[in-house]
Amino acid sequence: MDPENGELLGIGAFAARARLSAKALRLYDRLGLLTPARVDEVTGYRFYRAGQVERARLVALLRQLDMPLARIAEVVDADDGAAAADRLAAYWADVEARLAGQRTLAEFLRGRLSGRSSEMYGKFVVETVDVPQQVLITETRHTLADELPAWIGAALGRLERGAAECGGVAGAPFVAYHAEVSVESDGPAEACVPVADEAAARAWVEARGRARETAVRVEPAQRLAYTRITKAQVAHPQILAAFEAVEQWMAAGGLTAAGPCREVYFADWDAAGAEDPVCDVAFPVR
């Protein structure tokens with residue numbers, strides 16, 4: 001008996017009361033989600049308090065939501081029911097966002113597999129623009145697709161603040177992709193902000209050392225093939241269709257890529273609505 005918490009139950013009796021298997025209880029113990037009240041030092045037999053039944057049932061239900069173990073621990077260890085409910089709500093919002101993205105990706109792939117790619121690409125107007133030589137301050141990172149949006153916002157913000165010490169921003173910020181960024185491939189991606197003063201930019205980067213892989217790069221004058229997309233279309237996988245539309249247009253015109261593809265952000269992201277143009281998906285061409 002546990003004098004403070006009442007009856008102690010052997011693992012079989014506790015499993016029956018919790019409507020779980022002894023195997024599941026041993027797993028929860030190994031994972032640190034449900035520790036027995038006492039373990040016999042000689043036999044290794046587990047004993048549980050009757051008051052642990054609710055926690056055991058909660059863990060089992062949360063696992064049915066495919067919740068990662070670390071987040072299950074956050075829920076069951078919350079200070080009170082309201083905090084636990086808030087943590088569950090935050091997890092489920094993440095799940096629904098992921099499912100929405102997967103649903104859109106599935107629709108995109110259905111269109112591709114069914115031969116409707118040309119129909120999708122036809123929605124994008126592709127043009128060319130000549131861009132003069134630019135002095136860039138840059139930040140490079142290996143990142144997977146799920147981390148990319150947050151990193152882009154943070155990196156461009158840091159560089160735009162740094163541009164104040166480099167003669168000011170001298171063009172639209174952009175992100176160049178030197179290799180594929182996906183759920184399995186981590187790039188690298190390079191956030192770039194054009195600045196007015198090359199000497200000041202080199203001094204600024206030198207003062208920062210190698211923090212965040214910051215560098216100065218002079219990009220030569222070049223021609224870009226691009227299509228303009230809205231804020232809603234920047235989301236994955238809509239943006240893939242935009243990139244592929246530009247690639248198809250290039251191939252039809254006999255053009256080849258002359259550098260890394262990029263996303264050029266010319267508008268105020270926070271102020272823009274879902275249907276406002278904010279970004280050019282572009283390839284340097286020759």
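Scroll up for the structure.
Cut-off values and rules
- Residues numbered from 1 in each chain as written.
- Predicted model: local features only at pLDDT ≥ 70, side-chain atom pairs only at ≥ 80, totals over all residues.
- Heavy atoms only, no water.
- Helix = DSSP H or I, 4+ residues; strand = E, 2+ residues; numbered from the N terminus.
- Rg over C-alpha atoms; globule rule 2.2 N^0.38 Å.
- Buried < 20%, exposed > 50% of the residue type's maximum accessible area, 1.4 Å probe, protein only.
- Contact = heavy atoms within 4.5 Å.
- Areas by Shrake-Rupley, 256 points an atom, 1.4 Å probe, with all protein chains shown as cover.
- Lys, Arg positive; Asp, Glu negative; His and termini not counted.
- Charge placed at Lys NZ, Arg CZ, Asp CG, Glu CD.
- Arc of directions from axis to C-beta.
- Core = buried A, V, L, I, M, F, W, Y, C linked by side-chain atoms within 4.5 Å.
- Pairing = 2+ DSSP bridges.
- Patch = residues over 30% accessible without salt bridge, like charges linked within 9 Å, V, L, I, M, F, W, Y side chains within 5 Å.
- Salt bridge = Lys/Arg side-chain N within 4 Å of Asp/Glu carboxyl O.
- Phe/Tyr/Trp six-rings, centres within 6.5 Å; stacked < 30°, edge-to-face > 60°.
- Lys NZ or Arg CZ within 6 Å of the ring centre and 35° of its normal.
- Axes fitted to C-alpha atoms, helices over the stretch in contact; angles between N-to-C directions.

*Asks:* What should I look at first to understand the overall build of the protein in this one?
*Replies:* The number of helices and strands found in the protein is nine helices and 11 strands. Over its C-alpha trace the protein gives a radius of gyration of 27 Å, far above what one expects of a compact globule, namely 19 Å for 286 residues. Principal-axis analysis of the C-alpha atoms places the extent of the protein at approximately 80 × 55 × 35 Å. Relative to its 286 residues, the protein shows a buried fraction of 40%. Taking as baseline every contact in the protein between residues at least 6 positions apart, the subset at least 24 positions apart corresponds to 66%. Put simply, the protein shows about 15,800 Å² of open surface, and 53% of that area lies on carbon and sulfur atoms. In the protein, 32 positive and 41 negative side-chain charges are present, and the distance between their average locations comes to 6 Å.

*Asks:* How should helix α4 (residues 69–76) be read in this particular structure?
*Replies:* Every α-helix winds through 3.6 residues per turn, so residues three or four apart in the chain are directed the same way. Restricting attention to buried positions, one finds in α4 the residues Ile72, Val75 and Val76. Each buried residue of α4 lies within a common arc of 90 degrees when the element is viewed along its axis, so the set occupies one face.

*Asks:* So what exactly am I meant to see when it comes to the nonpolar core here?
*Replies:* Where a protein is soluble and globular, its nonpolar side chains tend to be buried together. Counting residues in each nonpolar core, the largest one holds 42 residues, and the members touching the most others are Ile137, Trp151, Ile152, Val175, Tyr177, Val195 and Ile229. For valine 175, the residues in contact, after removing those within four places along its chain, are Trp151, Ile152, Leu156, Ala189, Glu190, Ala191, Cys261, Arg262, Glu263 and Tyr265. Ala24, Leu25, Val53 and Ala84 belong to the second largest nonpolar core, which has 25 residues in total.

*Asks:* Sorry if this is basic, but what is going on with the sheet that holds strand β1 (residues 8–10) here?
*Replies:* Hydrogen bonding along the main chain pairs the strands of a sheet, whether they run parallel or antiparallel. The strand order β1-β3-β2 describes an open sheet built from three strands, whose pairing is antiparallel. If you trace the sheet from one side to the other, it starts and ends with β1 and β2 (38–39), each paired once. Of the strand pairs in this sheet, β2 and strand β3 (residues 46–49) are connected by two bridges, and their pairing is antiparallel. Bridge assignment links arginine 38 to a residue of β3, and that residue is phenylalanine 47.

*Asks:* What should I look at first to understand the environment of glutamate 213 in this one?
*Replies:* Mapping glutamate 213 onto the fold places it in the loop between α8 (198–208) and β8 (214–219). Among the residues examined, glutamate 213 registers a relative accessible area of 43% and is labelled partly exposed. C-alpha separation for the pair glutamate 213 and threonine 140, spaced 73 residues apart in sequence, amounts to 5.5 Å. Residues contacting glutamate 213, with those up to four places away along its chain left out, are Thr138, Glu139 and Thr140.

*Asks:* Explain the pairing of strand β7 (residues 189–195) here, please?
*Replies:* Remember that side chains alternate between the two faces of the sheet whenever the strand is regular. In terms of burial, β7 is largely enclosed, as seven of its seven residues are buried. The pairing of strand β5 (residues 134–141) with β7 spans seven bridges and is antiparallel. Counterpart to leucine 136 in the pairing with β7 is proline 194. The pairing of strand β6 (residues 174–177) with β7 spans four bridges and is classified as antiparallel. Paired with valine 175 across the two strands is alanine 191, which belongs to β7.

*Asks:* Please clarify how a nonpolar patch on the surface should be interpreted in this entry.
*Replies:* There is a patch of nonpolar side chains on the surface, built from Leu65, Leu88 and Trp92 and spanning about 220 Å² of accessible area. Counting through the fold element by element, leucine 88 comes out in helix α5 (residues 81–113).

*Asks:* Even after reading the chapter, I still don't get the environment of histidine 236, so can you show me in this structure?
*Replies:* Relative to the assigned elements, histidine 236 resides in the loop between β9 (222–230) and α9 (238–252). A sequence separation of 173 residues divides histidine 236 from arginine 63, and the C-alpha atoms of the two residues are 28 Å apart.

*Asks:* Sorry if this is basic, but what is going on with the packing of aromatic side chains here?
*Replies:* Two aromatic rings, taken as a pair, are described by how far apart their centres are and by the angle between their planes. Taken as a whole, this structure holds five aromatic pairs when the rule is applied. Summarising the aromatic geometry, the rings of phenylalanine 14 and tyrosine 48 are spaced 4.5 Å apart at their centres and angled 10 degrees between planes, so their arrangement reads as stacked. Within this pair, whereas phenylalanine 14 is found in helix α1 (residues 11–18), its partner tyrosine 48 is found in strand β3, the two being separated by 34 residues in sequence. Assessed through its relative accessible area of 0%, tyrosine 48 is described here as buried. When the ring centre of phenylalanine 47 is taken as origin, the NZ or CZ atom of arginine 38, which lies over that ring, is 4.6 Å away.

*Asks:* When you look at the side chain of threonine 214 in this model, what are you seeing that I'm missing?
*Replies:* Relative to the assigned elements, threonine 214 resides in strand β8. If we skip the residues at most four places from it in the chain, threonine 214 touches Thr138, Glu139, Trp204, Val205 and Arg208.

*Asks:* I would appreciate a short explanation of the sheet that holds β7 in the present structure.
*Replies:* Taken together, the eight strands give an open sheet; going across it, the order is β4-β9-β11-β10-β6-β7-β5-β8, and neighbouring strands pair in antiparallel fashion. Only two strands of the sheet have a single partner each, and these edge strands are β4 (126–131) and β8. When strand polarity is set aside, the average angle formed by the axes of neighbouring strands in this sheet is 30 degrees. Sitting on the sheet, helix α7 (residues 148–163) touches β5, β6, β7 and β10 (261–265), and the angle it makes with β7 is about 25 degrees.

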